[in-house]
Structure formats: C-alpha cells, structure tokens
Amino acid sequence: MNLIPEYLRDINITSITLRFLLAVVCSGIIGTSRGKRQHAAGLRTHLLVCVGSACVMIINQYTFQYMGWGGDIGRMGAQVVSGIGFLGAGTILVTGKKHIKGLTSAAGLWASACMGLAAGIGFYEAAIIMCVLMFVILSTLESFDEKFIKTSKEITVYMEYNSAMPLSYIIKEIRNLGWHVGGIEQIENKIDSIISVVLVLEVENRAILRENAMGKLEDVSGVYFVERL
C-alpha cells in the first residue's frame, strides 16, 4: 500500500511546498540538537544545507520532466553529495596532538545534504526515516560514545607553575598521581616567575581522567593554573 499520494511525487505547488517543509523540519530537528551542544554546525547550517539540497533535486526533477533535458536525472544531486565536502572540511579542526574535532559535524552536514536530496526528489519515507536515525545517532548515542568509546587514556593540558620549582619535581608529582608524562613542550612566557608548559599525560583510570584530572593537577604544590586542551 502506497501511503504517499502519487501527485506528491510529481512537481506541483503542493509537493514543492511539502518537500521544502519536510527538509526544514528534519534538518531543524538535527540542527537544534547539534546547536544545543555547541557543535561547529548548528541549526542554521543544517537548515541551509538540507533546504539547498532539496531545491537542487526539485530543479533536477523539473528540468527532466518539463524542459525535456535528457541524460542522468541524478547528475545534479551527485554534485551536491561530492560538493558538500568543502563545507564539511571547514568544521574539522586539529586542536592539539592527535586531537581532531569536527568530524561528526562534517559527517552530519553530508548526511543532512543527503536527507535534503531525498526530500527534494519526493522520497518522503527515506527523508523521515533518515531524520529519525540521524537524531538517534547524533543525540541519543552521544553519551554512549563519550562514556564507552571516545574516552581516551591520553589528555593534553596547559600548565603554569612556579619557576622556582624544578620541572623534575612537577613530573614526579604527576607520576605520584598515577599518570605517565608522554610529552612536554615549554611555551614562551613573559613572566619570569612562571613557567608555562603543555603536557601530554596518559592515565589508566579513565574515570579519574574525565572527572578529577584538573582538580588533582591544580593541587600539586607550585602549580598555579591548569587547563585541558
């Protein structure tokens, strides 16, 4: 049984309006979820990508059916799928040693574009199902990913400590906390009494790494400031 009337698969004012509304609603759900978590691509970005992709497919279908343009009906959609990469690349940032952010946002934008293509060509079922799946993957599974998969044994921190304290003492105190120093980089500092360094630390206890790392490092004698990078 076909739940979608055939005239909504065709190009008319009703189907065009419905397709754009579907693109707005679906991308709005995903974009709002991402925006609340302060990710690189939020509500407006997802809306523009999805609505723009829908428009491409509507134009593609229109030119094929009513203007007599032959060839591959999916050629314009294919350009969207490949071309969205430049926008996704802008959301990917390397924030430190082995730390890359924005991959999920880039993948989400690409998927949002595909969702828009589905809405634009009148494949309403696929657009709705994809919206539900994307929401579950990006929202519901985020806490699972953070807790069981994404948590790393490695942490990179910026630290300022008293220059009167030898670095060997700081390293010894860090080791006493159960961490291994995997890398050290000294940062130029104009204040003679303070030394600034970036430390790459490795720890076995992941719970301590996430919840108490900063507090324990700040409690080390001579340490003035610690911030996770």
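Let's shift gears to a nonpolar patch on the surface. A cluster of nonpolar side chains, namely Val25, Ile29, Ile128, Val132, Phe135 and Val136, defines an oily patch on the protein surface of about 470 Å² accessible area. If you list the elements that add at least two residues to the nonpolar patch, you get α1 (13-36) and α6 (124-149). Top element by residues in the nonpolar patch is α6. It accounts for 4 residues. With respect to the helices and strands, the residue Phe135 is situated in helix α6.

Glancing now at the packing of helix α2 (residues 43-66) against helix α3 (residues 75-83). Working note: a packed helix pair is described by the angle between its axes plus the distance between those axes. At a minimum axis distance of 8 Å, the contact between α2 and α3 shows a crossing angle of 160 degrees. Put simply, α2 runs roughly antiparallel to α3. You can see that α2 and α3 cross each other, and the crossing is right-handed. Contacts between α2 and α3 involve Ser53, Val56, Met57, Ile59 and Asn60 from the former and Arg75, Met76, Gly77 and Val80 from the latter. Taken together, the residues of the contact of α2 with α3 break down into 5 nonpolar, 3 polar and 1 charged.

Now for the confidence of the model for the protein. Looking at the protein, pLDDT values average 79 and 78% of them are 70 or higher. The lowest-confidence element of the protein is strand β1 (residues 93-96), averaging 54 in pLDDT; the highest-confidence one is α1, averaging 88.

With that settled, consider the sheet that holds strand β4 (residues 179-187). As summarised here, the arrangement of the 4 strands in space is β4-β5-β3-β6, forming an open sheet in which the pairing is antiparallel. Of all the strands in the sheet, the pair left with one neighbour each is β4 and β6 (223-228). Looking at each pair of strands side by side, their axes are set apart by 25 degrees on average, direction ignored. Of the strand pairs in this sheet, strand β3 (residues 154-162) and β6 are connected by 5 bridges, and their pairing is antiparallel. Within the sheet, the bridge partner assigned to Tyr158 lies in β6 and is Glu227.

Their axes nearest at 9 Å, the elements α3 and helix α5 (residues 103-120) cross at an angle of 165 degrees. Here α3 is positioned roughly antiparallel relative to α5, judged by the angle of their axes. The interaxial crossing formed by α3 with α5 has right-handed handedness. Residues Gly77, Val80 and Val81 of α3 form the contact with α5, whose participating residues are Trp110, Ala113, Cys114 and Leu117.

Enumeration over the complete set of coordinates arrives at 1 salt bridge. Measuring nitrogen to oxygen at the nearest pair gives 2.7 Å for the salt bridge that ties Glu125 to Arg9. Residue Glu125 is found in helix α6, and its partner Arg9 is found in the segment before α1; the two are separated by 116 residues along the sequence.

Cut-offs applied
Residues numbered from 1 in each chain as written. Predicted model: local features only at pLDDT ≥ 70, side-chain atom pairs only at ≥ 80, totals over all residues. Heavy atoms only, no water. Patch = residues over 30% accessible without salt bridge, like charges linked within 9 Å, V, L, I, M, F, W, Y side chains within 5 Å. Areas by Shrake-Rupley, 256 points an atom, 1.4 Å probe, with all protein chains shown as cover. Salt bridge = Lys/Arg side-chain N within 4 Å of Asp/Glu carboxyl O. Helix = DSSP H or I, 4+ residues; strand = E, 2+ residues; numbered from the N terminus. Axes fitted to C-alpha atoms, helices over the stretch in contact; angles between N-to-C directions. Parallel < 35°, antiparallel > 145°, perpendicular 65-115°, else oblique. Left-handed = near helix turned anticlockwise from the far one by under 90°. Contact = heavy atoms within 4.5 Å. Nonpolar A, V, L, I, M, F, W, Y, C, P; charged D, E, K, R; others polar. pLDDT = per-residue confidence, 0-100. Pairing = 2+ DSSP bridges.

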